[in-house]
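Structural characterization, general
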Amino acid sequence: MRKKFKVLAVVAAISVGSFAFAQSSPQAKVVAYYFHGSFRCVTCTTMEKYSKEAVEANFKDDLASGRLEFKVVNIEERGNEHFVNDYKLYTKSLVLSLVKDGKEVKSKNLDKIWELACNKQKFMDYVTGEVEEFMKDT
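What counts, and at which threshold
Residues numbered from 1 in each chain as written. Predicted model: local features only at pLDDT ≥ 70, side-chain atom pairs only at ≥ 80, totals over all residues. Heavy atoms only, no water. Helix = DSSP H or I, 4+ residues; strand = E, 2+ residues; numbered from the N terminus. Buried < 20%, exposed > 50% of the residue type's maximum accessible area, 1.4 Å probe, protein only. Contact = heavy atoms within 4.5 Å. Areas by Shrake-Rupley, 256 points an atom, 1.4 Å probe, with all protein chains shown as cover. Expected span 1.5 Å × (residues − 1). Core = buried A, V, L, I, M, F, W, Y, C linked by side-chain atoms within 4.5 Å. Pairing = 2+ DSSP bridges. Axes fitted to C-alpha atoms, helices over the stretch in contact; angles between N-to-C directions.

What follows is about the overall build of the protein. Helix and strand counts for the protein stand at six helices and four strands. A buried classification covers 35% of the 138 residues belonging to the protein. Sequence separation of 24 or more characterises 65% of the internal contacts of the protein that already satisfy a separation of 6 or more. A total of about 9,000 Å² of accessible surface is found on the protein, and carbon and sulfur atoms cover 55% of it.

The next subject is helix H6 (residues 120-135). Under the 1.5 Å per step criterion, the end-to-end length of H6 is 22 Å for 16 residues, consistent within 8% with the ideal 22 Å. Among the residues of H6, Phe123, Met124, Tyr126, Val127, Thr128, Glu130, Val131, Phe134 and Met135 are the ones counted as buried.

Turning our eyes to something else, we now look at the nonpolar core. Core analysis: the largest hydrophobic core is formed by 25 residues, its most contacted members being Tyr34, Leu68, Leu94, Ile113, Phe123, Val127 and Val131. Mapped by element, the contributors of at least two residues to this core are strand S1 (28-36), helix H2 (42-58), strand S2 (68-74), strand S3 (93-100), helix H5 (113-116) and H6. A per-element tally of this core places H6 first, with seven residues. Residues Val31, Phe35, Val73 and Val99 belong to the second largest nonpolar core, which totals ten residues.

So, on to unusual backbone geometry. Despite not being glycine, Lys88 has its phi angle at roughly 50°, a positive value. In this structure, Asp101 is a non-glycine residue whose phi angle is positive, near 50°. Among the structural elements, Asp101 can be located in the loop between S3 and strand S4 (103-109).

On to the sheet that holds S4. With mixed pairing, the four strands of this open sheet are ordered in space as S2-S1-S3-S4. Two strands lie at the open edges of the sheet, namely S2 and S4, each paired on one side alone. Within the sheet, the average angular offset between the axes of one strand and its neighbour, ignoring direction, is 25°. Note that S1 and S2 share seven bridges and pair parallel. In the strand pairing of S2, Tyr34 is matched with Val72. Contacting S1, S2 and S3, H2 crosses the sheet at an angle of about 165° to S2. Contacting S1, S2, S3 and S4, H6 runs over the sheet at an angle of about 15° to S3.

Set out below in structure tokens:
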């Protein structure tokens, strides 16, 4: 009986400690959205590929922990139309969104991806640098 009580006490202490930690640390993450339409040209698919590659190659731990997400969104699919207004989209775009406690606190459209689409290394460096800046706030 005494052994069972000790085990239950340890389990309870761990549970309370985990709950207190979860309550005290704000939940923050960065979402990298690649937005596209139904028609996709070679440049558009290349920008998606480079964006995903930059994120996956340079932020493995952040992706694994959930502090960073990469999402590809077709803005022409039902339910996604709001992104056009939310981020003032006018073309295919890579947008970073900082979310704290379930609410977006800032976002940035990485509009230089179009200029850099023909230079993979510069594209990757640009995306990596911008994601690094956003990750500082998580």
